Amino acid sequence: MRKVSIWEVLFVPLFFLLIVYPVLAIIGNVTMEGMIKTFDDPIFWDAVKNTLVTAFFAALLGVLMALGFGYFYIFHPGTIVYKIADFMNDLPIALPHTVAGLALLLAFGRNMFGFIGPTGLAFTLVAVVLAMFFVSYPLAARTIASAAEEIDMEQINVARTLGDNPQKAYQRVVIPLLGEAIFSGFVLSFSRSISEFAAVIMFGGNVPGMTQVLASYVFTKVEEGEVSMAVTASAFCILLSLMLVVILRMREKLHARSAESA
Amino acid sequence: MLEAQNLHKSFAAHRVLKGVSISVHPGEIQVLIGLNGSGKTTLQRVLTGILEPDQGTVSIGGQDITALPPEDRRIGYVPQHTALFKHLTVRENILYPLRNGRGSEETFHEIVKLLSLEPYLEWKPHKLSGGFRARVALARALVSAPRVMLLDEPITEVDRAKKEYILPLFREVLLQLNIPVLYITHDPWEAGQIGTSFLVMKDGIINRIDSPEEAFALIREQARINGE
Ligand SMILES: Nc1ncnc2c1ncn2[C@@H]1O[C@H](COP(=O)(O)OP(=O)(O)OP(=O)(O)O)[C@@H](O)[C@H]1O
Ligand SMILES: [Mg+2]
């Protein structure tokens, strides 16, 4: 018999107990009754729609900003703007997202943005997008920057000698070469946005049918004692995230294959 | 005429160019010979405007271009390892300068024919052999109607046997242009095949020499001192 290493003994049981089992616990607790109640709840579908729409715009904004960051990475890496932006990319890793939400609330809420409405930007779908963006943008930025690092800079130099200013060289050479990373960056920040709860609830609020997203819907249903509905909505989230992971993996495989044939 | 005067360039404490001056006349192919790491590419990058010199000036035809960005210098550049645009076909690579209003379809066809590139126009660069990649990189620079040509070891990735017929081809094409050409190599044999005059780079400065063999003697001594 093959000798089993201590690392296998450590990994296999803990992985199944601590990661797989909780996911299965959700699936195993889905009931017919809970499904019917949830899928009949228009508020649930509002939450689904809000989640998908806000995460889409957050990811879009994230990728656009990440491309701006990539431009600084390539053309102005010595500037203070780049250095601050680079540093800030790592900040949300350690920052509690409640703090991020509170920061956004103070910055764009009633006090500073009262001219827009009674609560400023807070507790609107825009706030939800901004909260999602705040926590997901660094992922997109790092994805773009690490792909930009791989690009042969001499291509950019040649483009310059052929008449491109930095902006043109970026758009004609760098962005097309980033293609794959732009897609991954989008899916990653979309996924991160869907999963965000704390920052969204602090700044966007949790108004059913208005700013409620799937993450906050699950929370509310647990609070209301509607556990079967919370479980159904959670299973829905698991399916959604599985789909996103599959999309990312498929793209990576396709990419690896096209790189092989290259 | 391409002229550089007293160029200095350091990377942090590492002084690479220590007062380089050159002048290349139209119709001349000056070959710059130097050891690995002697600063040849750094000089090319200062000439193209990709790097800023710490001191010194660059001029073309008497016009000081030291402050001009690369896109306004009209210098054709064939870099080390060719740097073809990976995402574009050979045709799109060579036509690239037309996007900026440089060159014409006419010169494109002429150059493609001259360098025998017709069969490969729809290929992606990674499928080409080293020799054809070098031809495409040369064609792309030529189509931009440059005032000066700089080539940085353009055929390092080419087999020796193929070098023997690609070099005369490149020489003929470059001489036809009748513009100043600066060609970098660390191979004295290649230098002799392509060049009309010769420079050697050593200790951060450049000296004119009479033959590639002389360069070889100079840099051999340098290599021995470096312990290589
Ligand atoms: N961007 C940079 N930052 C720091 N050091 C650099 C940079 N570019 C070049 N150098 C250093 O400057 C020296 C000269 O490099 P350069 O590429 O100009 O040499 P080269 O003569 O072209 O060599 P090779 O024959 O290998 O191409 C080297 O020691 C190199 O490490
Ligand atoms: Mg070099």
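Predicted model, so just to flag it, every value in this text is computed and none were measured.

So, how was this worked out
Residues numbered from 1 in each chain as written. Chains lettered and ligands numbered in written order. Predicted model: local features only at pLDDT ≥ 70, side-chain atom pairs only at ≥ 80, totals over all residues. Heavy atoms only, no water. Helix = DSSP H or I, 4+ residues; strand = E, 2+ residues; numbered from the N terminus. Rg over C-alpha atoms; globule rule 2.2 N^0.38 Å. Buried < 20%, exposed > 50% of the residue type's maximum accessible area, 1.4 Å probe, protein only. Areas by Shrake-Rupley, 256 points an atom, 1.4 Å probe, with all protein chains shown as cover. Lys, Arg positive; Asp, Glu negative; His and termini not counted. Charge placed at Lys NZ, Arg CZ, Asp CG, Glu CD. Core = buried A, V, L, I, M, F, W, Y, C linked by side-chain atoms within 4.5 Å. Domains from an automatic or database assignment. Contact = heavy atoms within 4.5 Å. Donors = N, O, S within 2.8 Å, 3.2 Å for Na, K, Ca; no water. Pairing = 2+ DSSP bridges. Axes fitted to C-alpha atoms, helices over the stretch in contact; angles between N-to-C directions. Expected span 1.5 Å × (residues − 1).

Caption draft 1: Spatial organisation of the overall build of chain B. If you tally the helices and strands in chain B, you get 7 helices and 10 strands. In terms of C-alpha radius of gyration, chain B reaches 17 Å, essentially the compact-globule figure of 17 Å for 228 residues. A principal-axis box enclosing the C-alpha atoms of chain B has dimensions of 50 × 40 × 30 Å. Each of the 228 residues in chain B was classed as buried or not, and the buried ones make up 55%. For chain B, the computed accessible surface area is about 9800 Å², with 48% contributed by carbon and sulfur atoms. Counting 26 positive and 27 negative side-chain charges, chain B places the centres of these two groups 4 Å from one another.

Caption draft 2: A look at the nonpolar core. Leu178 of chain A together with Leu2, Ile22, Leu43, Leu47 and Leu182 of chain B are the most contacted members of the largest nonpolar core, which has 89 residues in total. In terms of residue count, helix α8 (residues 125-150) of chain A provides more of this core than any other element does, 15 residues in total. Inspection of this core shows a minimum of three residues originating in each of domain 1 (2-74 + 147-226) and domain 2 (83-146) of chain B. Apart from residues no more than four positions distant in its own chain, Leu43 of chain B is found in contact with Leu7, Leu17, Val20, Leu32, Leu182 and Ile206 of chain B. Core analysis: the next-biggest nonpolar cluster, separate from the first, contains 47 residues, Leu95, Leu121, Leu142 and Leu167 of chain B among them.

Caption draft 3: Structural detail: the environment of Ile94 of chain B. Residues and elements named next belong to chain B. Counting through the fold element by element, Ile94 comes out in helix α2 (residues 90-95). Taking the relative accessible area as the measure of exposure, Ile94 reaches 0% and is therefore buried. In this structure the C-alpha to C-alpha distance between Ile94 and Leu121, which are 27 residues apart in sequence, comes to 9.0 Å. In this view, Ile94 contacts Phe108, Val112, Leu117, Val136, Ala139, Arg140 and Val143; residues no more than four positions away in its chain are not counted.

Caption draft 4: Here's a closer look at the coordination of the magnesium ion (ligand 2). Coordination of the magnesium ion (ligand 2) by the protein involves Thr41 of chain B (OG1) and Gln80 of chain B (OE1), with metal-donor separations of 1.9 to 2.5 Å. In this pair, Thr41 of chain B sits in helix α1 (residues 40-48) while Gln80 of chain B sits in the loop between β6 (75-78) and α2, placing the two residues 39 residues apart along the sequence.

Caption draft 5: Just the sheet that holds strand β5 (residues 63-64) of chain B, in detail. All names here are of chain B. Strand order across the open sheet formed by 4 strands is β2-β1-β4-β5, with antiparallel pairing between neighbours. Sheet topology places β2 (14-24) and β5 at the edges, where each strand pairs with a single neighbour. Looking at chain direction, strand β1 (residues 2-11) and strand β4 (residues 55-60) are connected through 5 bridges and run antiparallel. Within β4, the position partnered with Leu2 by the bridge is Ile60. Running over the sheet, α1 touches β1, β2 and β4 and is turned about 120° from β1.

Caption draft 6: Region of interest: helix α4 (residues 130-143) of chain B. All names here are of chain B. With 14 residues, α4 ought to run about 20 Å at 1.5 Å a step, and its terminal C-alpha atoms sit 20 Å apart, in line with that. Burial analysis of α4 places 13 of its 14 residues in the buried class, which makes it a mostly covered element. Looking one or two places after α4, you find Ala145, whose phi comes out positive at around 50°.

Caption draft 7: Fine view of the environment of Ser184 of chain A. Residue and element names in this part refer to chain A. Summarising the element assignment, Ser184 is placed in helix α10 (residues 166-195). Between the alpha carbons of Ser184 and Leu139 there is a distance of 9.8 Å; along the sequence they are 45 residues apart. Residues in contact with Ser184, not counting those within four places in the same chain, are Thr143 and Leu248.

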